[in-house]
Amino acid sequence: MLEKYIKETPDWLSATGPDADIVISGRIRLARNIKGFPFSHWASTKDLNAAADKIKDSVNKIDYFSGSESFKIKELDGLKKQFLVERHLISRELVSIKQGLIIIADKEILSLMVNEEDHIRFQALSSGLSLLDAWQMVSGIDSLLSGHLDYAYCLEFGYLTACPTNVGTGLRASCMLHLPALSMNRRIEKILPTLSRVGLVSRGFYGEGSEAFGDLFQISNQITLGRREEELIESLEKVVKQIIEYERESREEIAAKGGPRIEDRFKRAYALLTNASLISSKEAMELISVVRLGVATGFLDKIPYSALNKLFIITQPAHLQMLMAKELSASERDEERAKLIQKELQFI
Amino acid sequence: MVCDKCGANEANIHFKQVINNQVTTMHLCENCAEELGFNLFSSQSAFPFFNILSGMLGPGAIPQIKEDKCPACGISFSEVQSKGKLGCSECWQTFKKQLLPFLKEMQGSTFHTGKSPKGFANKAKVSREITNLREELNKAIIKEEYEEAAKIRDRIKEMEKEC
Ligand SMILES: [Zn+2]
Ligand SMILES: [Zn+2]
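These figures come from a predicted structure and were not determined experimentally.

Turning our eyes to something else, we now look at the overall build of chain B. Counting its regular elements, chain B contains seven helices and three strands. Relative to its full complement of 163 residues, chain B shows a buried share of 37%. Long-range pairs, those at least 24 residues apart, make up 37% of the contacts in chain B between residues at least 6 apart in sequence. Summed over its atoms, the accessible surface of chain B is roughly 9900 Å², and 50% of this surface lies on carbon and sulfur atoms.

Dropping the structure here:
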């Protein structure tokens, strides 16, 4: 049952990892294909079903997946699919793939998309900046699975993928950063364009092409070939640590400057967030972001980061409707969202 | 059919193009196609889009040519380019020549150095050693140390058997 997940808060929102005041989460994704099957985009329904069966069989042989659940995309309604996208469990691409499958394991720490662009896409999500730990874990599962599945691999190009942008390691490591201070002083506009020079790319909260609502930025490696996985991860972490430093400096500047104008900005955001009768999801994300910065800079009373992280997700449209267990119109959502936020923050 | 440009040779390369919402087809011989920069098999063709082609013919240019297809999945390189996705894992060997310049450009490398699946770890090591030996072989030949070069060559042959 997919409904049970709405009652849980995934671990990657728990703010327990290193630098969790700035790094919301880290993600390690591996792309793998099975030898002897055409890549998903070109494969027939029959091939896709056969590949999915093979993958499911192999997954079931691994203890780690004993409590896992799998869902066929074609059996999910639009709301549930959107819920999974909002939850960062599936990509927007998988939504329209009839033979797609999502396997969720270990309380959402690990998930596996089947028949997306590549036959298999694993991902592990973790709180804060702990990509190497997440890598160790995903890599372990990957090795186990390679004992049961014949991966498409060659010595020269490594793990063979449908798109040359993923070939080699098949690794995409990314960090979700909350950078409200760098957004406020607009230094972010100077930082992001420099990332491509070091082989990194930045995206919004929901990946490619999505806006950076709530001052949330996803930074990931672009290169996948010619470097070891650990090297790719370490060079990403190095840059992320630098950005963390910049964000801390900017936060300190804001705290040091102080004054009624700055104070008012935070208090106003908090007042709106906890008193408004209607809040759109975009407005919610913006207010949560300002409040999160207000807490970090000491202008607002302590609210646990975990509670604010959770709000980023549960105020999304599909989450809201799953929580209410019914479909809501846009205006009904704005009303329910405002109520939900008040409820979540009242005991804090 | 004769070539639209020289009017002499047999045209075996056909480009569909859309100009002012009209579809027209251009028929060229191999020589003229190459002269115009349409050599599909040269390393110039950029992945995933035909930059040169679309630049010259405008958007909507679709090359139609008898080209090699992947023996495993039956997909041609122009199909790969139009979708931006390879057909199967065999395509990586079939279209290696076309893919290498793209990898160099986008990835800055053409060789995997990371993890390998179970059972491949040993092979990966051997293959790396062969690469090193080939470099040594080149050095030996440059230095005119032919006896040494012959020894290295034998060693490479031996190792290639293992691979
Ligand atoms: Zn001609
Ligand atoms: Zn193929």
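Ideal coordination angles are 109.5 degrees for a metal with four donors arranged tetrahedrally and 90 or 180 degrees for a metal with six donors arranged octahedrally. Residue and element names in this part refer to chain B. Around the zinc ion (ligand 2), the donor atoms from the protein are Cys 70 (SG), Cys 73 (SG), Cys 88 (SG) and Cys 91 (SG), and they sit 2.3 to 2.4 Å away. Coordination at the zinc ion (ligand 2) comes from four donor atoms whose angles at the metal span 98 to 124°, giving a geometry best classed as tetrahedral. Every donor residue of the zinc ion (ligand 2) comes from the same chain, spaced as C-x2-C-x14-C-x2-C. Cys 70 sits in the buried class, given a relative accessible area of 2%.

Now for helix H9 (residues 281–296) of chain A. Residues spaced three or four apart along an α-helix face the same direction, because each turn holds 3.6 residues. Residue and element names in this part refer to chain A. Counted at 1.5 Å a residue, the expected span for H9 with its 16 residues is 22 Å, and the 22 Å between its end C-alpha atoms agrees. Taken together, the buried positions of H9 are occupied by Ala 284, Met 285, Leu 287, Ile 288, Ser 289, Val 290, Val 291, Arg 292, Leu 293, Gly 294 and Val 295. At the exit of H9 stands Gly 298, carrying a positive phi of roughly 85°.

Residues and elements named next belong to chain A. Assigned domains of chain A: these are domain 1 (2–250) and domain 2 (260–346). Placing a centre on the C-alpha atoms of domain 1 and another on those of domain 2 gives a separation of 27 Å. The partner domain 2 presents 21 residues to the 29 residues of domain 1 that form the contact. In this structure, the connection of domain 1 to domain 2 is made through zero salt bridges. Taken together, the connections running from domain 1 to domain 2 amount to 10 residue pairs in polar contact (both at pLDDT 80 or more).

This paragraph deals with the confidence of the model for chain B. All names here are of chain B. For chain B, per-residue confidence averages 74 on the pLDDT scale, and 68% of positions sit at 70 or higher. The spread of mean pLDDT over the elements of chain B runs between helix H2 (residues 51–57), the lowest at 37, and helix H4 (residues 91–94), the highest at 94. Segment residues 18–22: pLDDT under 50, and seven contacts once partners within four positions in sequence are set aside and those in other chains are kept. Contacts for the low-pLDDT stretch residues 39–62, under 50 throughout, to residues beyond four places or in other chains number 54 contacts. What the predictor reports for the complex is a pTM of 0.80 with an ipTM of 0.89.

Close approach of charged atoms allows side chains with opposite charge to pair. If you walk through the whole model with that rule in mind, you get 22 salt bridges over all chains. For the salt bridge of Arg 121 of chain A with Glu 117 of chain A, the shortest nitrogen-to-oxygen distance reads 3.6 Å. Accessibility classification places Arg 121 of chain A together with Glu 117 of chain A in one group, the buried group. The residue Arg 186 of chain A makes a salt bridge to Glu 189 of chain A at a minimum N-O spacing of 2.9 Å. Salt bridges linked by common partners bring Glu 116, Glu 117, Asp 118 and Arg 121 of chain A together with Lys 85 of chain B together as one network.

Residues and elements named next belong to chain A. In the structure shown here, the tally under the stated rule is seven aromatic pairs over all chains. Seen in terms of ring centroids, Tyr 5 and Phe 71 are 6.3 Å apart; in terms of plane orientation they differ by 80°. Their pairing is edge-to-face. Placement of the pair is Tyr 5 in helix H1 (residues 3–6) and Phe 71 in strand S2 (residues 69–72), with a sequence separation of 66 residues. For Phe 71, a relative accessible area of 10% puts it in the buried group. When the ring of Tyr 64 is compared with that of Phe 65, the centres are 5.5 Å apart and the planes differ by 85°; the resulting orientation is edge-to-face.

All names here are of chain A. Where helix H8 (residues 260–275) meets helix H12 (residues 330–345), the closest approach of the two axes is 7 Å, and the angle between their N-to-C directions is 110°. Here H12 runs roughly perpendicular to H8, going by the angle between their axes. Contacts between H8 and H12 involve Leu 273, Thr 274 and Asn 275 on the former and, on the latter, Ile 341, Gln 342 and Leu 345. In terms of residue class, the contact of H8 with H12 is built from three nonpolar, three polar and no charged.

This paragraph deals with the sheet that holds strand S3 (residues 101–105) of chain A. Residues and elements named next belong to chain A. Spatial ordering of the open sheet is given by S2-S3-S4-S5-S1-S8-S10-S9, a layout of eight strands whose pairing is antiparallel. In this open sheet, the two edge strands, each paired with only one partner strand, are S2 and strand S9 (200–203). Averaged over neighbouring strand pairs, the angle between their axes works out to 20° when direction is ignored. Here strand S4 (residues 110–114) pairs with strand S5 (residues 120–127) via five bridges, running antiparallel. Looking across to S5, one finds that Val 114 is bridged to Ile 120. Running over the sheet, helix H7 (residues 229–257) touches strand S1 (23–32), strand S8 (171–178), S9 and strand S10 (216–221) and is turned about 10° from S8.

Definitions and cut-offs
- Residues numbered from 1 in each chain as written.
- Chains lettered and ligands numbered in written order.
- Predicted model: local features only at pLDDT ≥ 70, side-chain atom pairs only at ≥ 80, totals over all residues.
- Heavy atoms only, no water.
- Helix = DSSP H or I, 4+ residues; strand = E, 2+ residues; numbered from the N terminus.
- Buried < 20%, exposed > 50% of the residue type's maximum accessible area, 1.4 Å probe, protein only.
- Contact = heavy atoms within 4.5 Å.
- Areas by Shrake-Rupley, 256 points an atom, 1.4 Å probe, with all protein chains shown as cover.
- Donors = N, O, S within 2.8 Å, 3.2 Å for Na, K, Ca; no water.
- Tetrahedral: all angles 85-135°; square planar, octahedral: opposite > 155°, others 65-115°.
- Expected span 1.5 Å × (residues − 1).
- Domains from an automatic or database assignment.
- Salt bridge = Lys/Arg side-chain N within 4 Å of Asp/Glu carboxyl O.
- Polar contact = N/O pair within 3.5 Å; in protein donor to acceptor, adjacent residues only side chain to side chain.
- pLDDT = per-residue confidence, 0-100.
- Phe/Tyr/Trp six-rings, centres within 6.5 Å; stacked < 30°, edge-to-face > 60°.
- Axes fitted to C-alpha atoms, helices over the stretch in contact; angles between N-to-C directions.
- Parallel < 35°, antiparallel > 145°, perpendicular 65-115°, else oblique.
- Nonpolar A, V, L, I, M, F, W, Y, C, P; charged D, E, K, R; others polar.
- Pairing = 2+ DSSP bridges.

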